Structures are given as C-alpha cells and as structure tokens.
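Now for the letters of each chain:
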Amino acid sequence: MSFELYYWDGLQGRGEFVRLALEEAGADYVEVARGKKSDGLGTAAMMALMNSPDEPHPPFAPPFLKDGDLIVAQTANILFYLGPKLKLAPRDEGLRFVANGLQLTIADVVTEAHDTHHPLASGLYYEDQKAAAKTRAHDFIDNRIPKFMGYFERVLRQNPAGDHFLVGDALSYVDLSMFQLIDGLFYAFPRALERFGEHYPRLAALHDAVIERPNIAAYLESDRRLAHNEACIFRHYPELDKAAS
Ligand SMILES: N[C@@H](CCC(=O)N[C@@H](CS)C(=O)NCC(=O)O)C(=O)O
C-alpha cells in the first residue's frame, strides 16, 4: 500500500523534508493535497481528515503521513518513523536517537528561518512586520546561521564513521534534510551565504553529494519538485538579505 503524504499544495514547505526521503528511497507515495477532487484527493480531503470528529488521533498541522490506518504527525517524527522502513536511518538503535536529535535541531533552524519574515505573528502579513523582520533576519544571518551551521559542520567533522554523513556510515534522512535546509537558505539569503563553502566545506560537500544521487537528481528535475516561492518557509525578500558580518 502507498504512503499518503499530506501537505499544502503549491509549496515545498516542511513537506519537502519528508518528500526527499520518500524520493531517495523510491517509495510509493501519494501527494494527497495535490491530487484531484474527483479521486477523493485535494486540499479539502486533507482538511476533512484533520477536522474529522471520527479520527482517533487527528494531526494539528501538515505535514503528516498516513500509513494504513496510522497517522504520523510532525516532520521529525515522520522521518523517525519512515527512516528504518526506507533504509535511511542508522542500523544502530542508539544512533537513531542521535539522528532524531539532529533532525529536531534542523527543525529549530527551519522555524527560525520562518520567523525572519514573520517575527511578530504568523497570522499577520509580512508587509505588516517588515521592520521587525529586518532586525530578525539580520540577527539570523550574523548570529544564528553561523551558530547552527558551525555546529553541523562540527558534527560532520567529529562523526567517528567519517565526515561524509551527519550520523553513521551511510546516507540517512538527516543528510537529505540538511541538503534541503542549505538549499532553502541559499534561496532566501544568497548574499549571506556567498562564502558558505569556505566556512563550511563539509556541509557544502554534503549538499553537492546529495544533489548528485540519482533518485534525488531525477526528483529535482521532475515537476514534483516545486520551485521555492514566497508562500513558503524560505522566502527571498532582498531587503532581508545581506552579507554576513
Ligand atoms: N513542528 C511541526 C510544524 C508544522 C507546521 O507548522 N506546519 C505548518 C505548515 S509548514 C502549518 O500548516 N501550520 C499551521 C499552524 O501552525 O496553524 C513540524 O515540524 O512538522
């Protein structure tokens, strides 16, 4: 049976972290919100499931995954669930928790990237919080990106199994998510990331290695991979970008 991936249509968003794992593994999955109403799919079907009074464990927000009757919510939790099934998690049980810790740290950066354009309230338009967004984005560029990326670079350097993967001796979903995080940051803040490869050579090499994986390369070329846009987490507003100080 196919996995069902539920995420808003029209943007990569947090769904993309799950999508990359499914694509790398060549898994059979259905994008529910992107499907046709006549097939019982679409955004309305996703909302109906979220709001169903009969659902024993309703999810709060997309992304969520349905595997048979089971609904798994929260990006990092979905990947923790899928990782072993897709052979994209460390074999060692302890390292699976290390992978989850790294994934949750990636989720922290994702939330902070979102907060650069929505620093005051998610419910307000960007245009209503532009001044605060500029302050928040510049702090993100000067302080938070270096702190997080310096940490992830050190994780790669200190991996006892070698610096090609963030955890263990083989590709895991965490490496795919790191690709997506770096890709999103490059889109949103191209000036800030101008010297990314100089400062974080191992992360840059990991990013480039993921792009070259055959299934990922095919996915990135396909129409399933939507372009970054300003409805998403990683938004490019030139006025928020600057060279890192
Ligand atoms: N911590 C959750 C966050 C989920 C989330 O914020 N989803 C967004 C789309 S990316 C959403 O639809 N949020 C609705 C809301 O917060 O009201 C995760 O990592 O999956």
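Residues numbered from 1 in each chain as written. Predicted model: local features only at pLDDT ≥ 70, side-chain atom pairs only at ≥ 80, totals over all residues.

*Asks:* Give me the sheet that holds strand 2 (residues 29-31): which residues, what numbers.
*Replies:* With mixed pairing, the four strands of this open sheet are ordered in space as 2-1-3-4. Edge positions in the sheet fall to strand 2 and strand 4 (70-73), since each has one partner strand and no second. The average angle at which neighbouring strand axes cross in this sheet is 20°, direction not considered. Sheet analysis places strand 1 (residues 3-6) next to strand 2, joined by three bridges and oriented parallel. Directly across from Glu-4, in strand 2, lies its bridge partner Val-30. The sheet strands contacting helix 1 (residues 15-25) are strand 1, strand 2 and strand 3 (64-67), and the helix crosses strand 1 at an angle near 155°. (Pairing = 2+ DSSP bridges. Helix = DSSP H or I, 4+ residues; strand = E, 2+ residues; numbered from the N terminus. Axes fitted to C-alpha atoms, helices over the stretch in contact; angles between N-to-C directions. Contact = placed C-beta atoms within 7 Å.)

*Asks:* Which residues make up the site of the ligand, and what values do they have?
*Replies:* Close to the ligand lie Gly-13, Arg-14, Ala-61, Pro-62, Pro-63, Gln-74, Thr-75 and Ala-107. Here the shell around the ligand is built from residues that sort into four nonpolar, three polar and one charged. (Near = placed C-beta within 6 Å. Nonpolar A, V, L, I, M, F, W, Y, C, P; charged D, E, K, R; others polar.)

*Asks:* Now, about the packing of helix 5 (residues 130-158) against helix 8 (residues 201-211): what can you tell me, with residues and values included?
*Replies:* Between helix 5 and helix 8, the shortest axis-to-axis distance is 8 Å and the interhelical angle comes to 80°. The pairing of helix 5 with helix 8 is recorded here as roughly perpendicular in orientation. Judged by residue contacts, Met-149, Phe-152, Glu-153, Leu-156 and Arg-157 of helix 5 engage Arg-202, Leu-203 and Leu-206 from helix 8. Taken together, the residues that form the contact of helix 5 with helix 8 break down as five nonpolar, no polar and three charged. (Parallel < 35°, antiparallel > 145°, perpendicular 65-115°, else oblique.)

*Asks:* Lay out the domain arrangement of the chain in plain terms, naming residues and giving numbers.
*Replies:* In terms of domain boundaries, the chain breaks down into domain 1 (3-85) and domain 2 (93-213 + 225-240). The centre of domain 1, based on its C-alpha atoms, is set 22 Å off from the matching centre of domain 2. At the interface, 15 residues of domain 1 touch 19 residues of domain 2. Looking at the side of domain 1 that touches domain 2, the elements with two or more residues in it are helix 1 and helix 3 (75-85). (Domains from an automatic or database assignment.)

*Asks:* I'd love a proper account of the pairing of strand 3, names of residues and values included.
*Replies:* Here three bridges tie strand 1 to strand 3, and the two strands are oriented antiparallel to one another. When the bridges of strand 3 are listed, Tyr-6 appears paired with Phe-64. As judged from the four bridges shared by strand 3 and strand 4, these two strands associate in the antiparallel manner. Within strand 4, the position partnered with Leu-65 by the bridge is Val-72. Hairpin connection, strand 3 to strand 4: the antiparallel pair is bridged by two residues, and Gly-68 has positive phi, about 65°.

*Asks:* Pulling in residues and values, what's your account of the nonpolar core?
*Replies:* With 58 residues, the main nonpolar core has Val-18, Ala-21, Leu-79, Leu-166, Met-178, Leu-185 and Leu-203 as its most contacted residues. Those elements that provide at least two residues to this core are strand 1, helix 1, strand 3, helix 3, helix 4 (93-117), helix 5, helix 6 (173-188) and helix 8. The two domains that each donate at least three residues to this core are domain 1 (3-85) and domain 2 (93-213 + 225-240). Ignoring sequence-local partners within four residues, the contact set of Leu-185 consists of Ala-113, Ile-145, Leu-193 and Phe-234. (Core = buried A, V, L, I, M, F, W, Y, C linked by C-beta atoms within 7 Å. Buried ≥ 20, exposed ≤ 12 C-beta atoms within 10 Å, placed from the backbone.)

*Asks:* Describe helix 8, and please don't skip the residues or the numbers.
*Replies:* Within the span of helix 8, buried status applies to Leu-203, Leu-206, His-207 and Val-210. End-on view of helix 8: buried residues confined to an arc of 100°, all on one side of the axis. Among the exposed residues of helix 8, those oriented more than 90 degrees off its buried face are Asp-208 and Ile-211. In this structure, the buried residues of helix 8 make contact with helix 5, helix 6 and helix 9 (214-221). (Arc of directions from axis to C-beta.)

*Asks:* Tell me about unusual backbone geometry, residues and numbers included.
*Replies:* A cis amide bond links Pro-62 to the next residue, Pro-63, at an omega of 0°. Looking at the secondary structure, you find Pro-63 in the loop between helix 2 (43-51) and strand 3. Phi at Gln-74 takes a positive value of approximately 75°, unusual for a residue other than glycine. Locating Gln-74 in the fold gives a position in the loop between strand 4 and helix 3. Residue Gln-74 is classed as partly exposed on the basis of its 18 C-beta neighbours within 10 Å.

*Asks:* Hey, could you go over the packing of helix 1 against helix 3 for me, with residue numbers and the actual values?
*Replies:* For the pair helix 1 and helix 3, interaxial distance at closest approach is 9 Å and the crossing angle is 15°. Here helix 1 lies roughly parallel to helix 3, going by the angle between them. Classified by chirality, the crossing of helix 3 by helix 1 is right-handed. Contacts between helix 1 and helix 3 involve Phe-17, Val-18 and Ala-21 from the first element and Thr-75, Ile-78, Leu-79 and Leu-82 from the second. Split by residue class, the contact of helix 1 with helix 3 holds six nonpolar, one polar and no charged. (Left-handed = near helix turned anticlockwise from the far one by under 90°.)

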